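Next come the chains, spelled out residue by residue.
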Amino acid sequence: MKQGNVVQENFKTTIPFKYVYGWIILEVKIENKSYNFLLDTGSSNLLTKELAEELNVEIIGSEEITDINNKGNETQYANLRNIKIGNIDFQNTIAGIVDLNNIIEVGCSKIDGIIGSNLMRKAVWDFDFEKQLITITNDENKLDVPTNAIVSKIFIGTAGIPSVTLKINGKNALNTTVDFGNAGSNFLRTDIFNKQLETNLITKYVKGNNKAFGAFGRSEENPFYSTIIDEMKIGNHTVNNIFTNVKNGDDNNLGLVFFKNYRVILNWNKKKLKMIEVTKAGNDSYKTYGFSTLYEKEEVYVNSVVETSSASEFLKNGDKILSINDTTYRDITEEQYCDILNDDFNNGKEPLSIRVIRDNKELTFKIIKKELL
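Structural notes, computed from the coordinates.

Cut-offs and rules
Each residue is numbered by its place in its chain's sequence as written, counting from 1. Residues qualify for local features only when their pLDDT is at least 70, as the model is predicted, and side-chain atom pairs are given and counted only at 80 or more; totals for whole chains, interfaces and linings, by contrast, use all residues. Computation of side-chain values covers all heavy atoms of the structure but excludes hydrogens and water. Numbered from the N terminus, helices here are DSSP runs of H or I no shorter than four residues, and strands are runs of E no shorter than two. The globule rule used here is 2.2 Å times the number of residues to the 0.38 power, and the radius of gyration it is set against is calculated over C-alpha atoms. Classification of residues uses two cut-offs on accessible area relative to the type maximum, computed with a 1.4 Å probe and protein chains only: under 20% is buried, over 50% is exposed, and between them is partly exposed. The contact rule is simple, with two residues in contact once any of their heavy atoms fall within 4.5 Å. In this tally, Asp and Glu contribute negative charge and Lys and Arg positive charge; neither His nor the terminal groups of the chain are included. Working definition for charges: the position is that of NZ of Lys, CZ of Arg, CG of Asp or CD of Glu. In the analysis that follows, any N or O atom pair within 3.5 Å is treated as a polar contact, provided that within protein one partner can donate a hydrogen and the other can accept it, and provided that, for residues neighboring in sequence, both atoms belong to side chains. Note on terminology: a nonpolar core comprises buried Ala, Val, Leu, Ile, Met, Phe, Trp, Tyr and Cys residues joined through side-chain atoms within 4.5 Å. Directions pointing from the helix axis toward each C-beta atom define the arc. Any two strands are treated as partners once DSSP identifies two or more bridges connecting them. By salt bridge we mean one thing: a side-chain nitrogen of Lys or Arg within 4 Å of a carboxyl oxygen of Asp or Glu.

1. Regarding the overall build of the protein
Looking only at helices and strands, the protein has six helices and 33 strands in total. By the compact-globule yardstick of 21 Å for 373 residues, the protein fits well, its C-alpha radius of gyration being 21 Å. Overall size of the protein, expressed as C-alpha extent along the three principal axes, is 65 × 50 × 35 Å. Out of the 373 residues in the protein, the part that is buried amounts to 49%. When contacts within the protein are restricted to residue pairs at least 6 apart in sequence, those whose partners lie at least 24 apart make up 64%. The centroid of the 44 positive side-chain charges in the protein is displaced by 5 Å from the centroid of its 50 negative side-chain charges.

2. Some words on the environment of asparagine 79
Along the chain, asparagine 79 falls in strand β8 (residues 72-85). Through-space distance from the C-alpha of asparagine 79 to that of isoleucine 24 is 24 Å; in sequence the pair is 55 residues apart. If near-sequence neighbours (up to four positions away) are discounted, asparagine 79 is found in contact with Gln3, Glu58, Ile60, Asn92, Thr93 and Ile94. Engagement of the side chain of asparagine 79 in a polar contact is seen with the side chain of asparagine 92, the distance being 3.4 Å.

3. Notes on the nonpolar core
Ranked by size, the top nonpolar core spans 62 residues in total, and within it Trp125, Phe180 and Phe258 carry the most contacts. Those residues in contact with phenylalanine 258 that sit more than four places away from it in its chain are Asn186, Met232, Ile234, Val239, Ile242, Met275 and Ala281. One finds Cys108, Val302, Ile324 and Ile340 within the second-largest nonpolar core, a separate group that totals 23 residues.

4. Brief notes about the side chain of serine 109
Here serine 109 lies in the loop between α2 (104-107) and β10 (113-116). With near-sequence residues (within four places) excluded, serine 109 lies in contact with Val20, Tyr21 and Trp23.

5. Considerations on helix α4 (residues 190-198)
Ile192, Phe193 and Gln196 are the residues of α4 that are buried. Angularly, the buried residues of α4 cover 100° about the axis, an arc narrow enough to put them on a single face. Of the residues in α4, the exposed ones pointing more than 90 degrees away from the buried face are Lys195 and Glu198. Immediately downstream of α4, the backbone of asparagine 200 shows phi near 65°, a positive value.

6. A short note on the pairing of strand β18 (residues 205-210)
For a regular strand, side chains alternate in direction, first toward one face of the sheet and then toward the other. Across six bridges, β18 lies against strand β21 (residues 222-234) in antiparallel orientation. Each residue of the ladder has a partner; that of tyrosine 205, found in β21, is threonine 227. Examined bridge by bridge, β18 and strand β28 (residues 299-306) share two bridges and lie antiparallel to one another. Bridge assignment links glycine 208 to a residue of β28, and that residue is valine 306.

7. Looking at the environment of phenylalanine 127
Within the secondary structure layout, phenylalanine 127 lies in strand β11 (residues 124-128). On the accessibility criterion, phenylalanine 127 (0% relative accessible area) is buried. Each C-alpha atom, one on phenylalanine 127 and one on isoleucine 265, is 6.3 Å from the other, the two residues being 138 residues apart in sequence. With residues near it in sequence (within four places) discarded, phenylalanine 127 still touches Leu39, Met120, Leu133, Ile134, Phe180, Tyr262, Arg263, Val264 and Leu266.

8. As for the pattern of salt bridges
Inspection of every chain in the model, using the stated rule, returns 11 salt bridges. Where arginine 263 meets aspartate 126, a salt bridge forms, and the shortest distance between an N and an O atom there is 2.7 Å. Of this pair, arginine 263 sits in strand β24 (residues 262-267) while aspartate 126 sits in strand β11, and the two are 137 residues apart along the sequence. On the basis of relative accessible area, arginine 263 is assigned to the buried category, the value being 18%. Taking the relative accessible area as the measure of exposure, aspartate 126 reaches 7% and is therefore buried. We note a salt bridge from aspartate 319 to arginine 358, for which the minimum N-O separation is 2.8 Å. One end of the pair, aspartate 319, is in the loop between β28 and β29 (320-324); the other, arginine 358, is in strand β31 (residues 352-358), and 39 residues separate them in sequence. Like arginine 358, aspartate 319 is buried. Salt bridges here are not isolated pairs; linked through shared partners, they connect Arg330, Arg355 and Glu362.

As structure tokens, then:
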């Protein structure tokens, strides 16, 4: 995963990107053909099985890797001889081959692969999330970095994935992944959450059950917690009242919902993360209907229910959804589900009318958004 190089020795380029379902999507070129890749600092390079077949890549080995749910999969690897991002040629980086399209939330984004940290570590990357621009260079001195930038040391893990040390309510939280592939909420490790509950450092939280998805499919149904962290420090920078979910595993996770408040510079060579504040992070609340959906075989089901929410008074995991307001969910195609995937169900208007089947009975409920945290 350490191998690879950039053809150009002295380079700087700025490229646009777009957000699709909250993810960063770049246009890249392989063998003079354009493809859409998701950018994910929390992953290595990945190719869809379809693109690997199209490129007729040579398999050079395999090993088991895990996704955000700690779900393992035996993954084949290939040498990605050349991939061009802007006018920069990245050569001989390694890419895993994964059936990314088996997860509808990823398939909806219509990506051909993932640009990961094992490639990104070969350059300095400057992210302007507000203008949706990325500057890639060989030398950070070519960037206009203000002297008051927030600086944090990064630790480089497997496949070049960067992490930082945080202070959560005054206590060190090691192995916090800098994860631009996480377009949802931040994650706090279960053991840290439990310790801070015991010592009353965390006092505000809600519980639910869901099936989370990662690169290798969905987890089994598990309980989850959501909480508000009173104080988080990254470098010498303090953020108050930050919303996060709790997960099992060995690492914490900061995603785009946090980093989009800043211009961010990642420098693997100097092992530095620099952030320039654009908007104020934190001061979060958690207002929700209290449920999420799962698509399987042209049907849509309730996938998670948050305790104390309006949904928890009426819905159960596994309820088959027939309609939400005027939108039918019967015999729905993947394309139709993609169109409504990121909708707010009711565009903020209340109440929301949801019709479900449970135990062969059709039931209709009215639910509203409630502020839980």
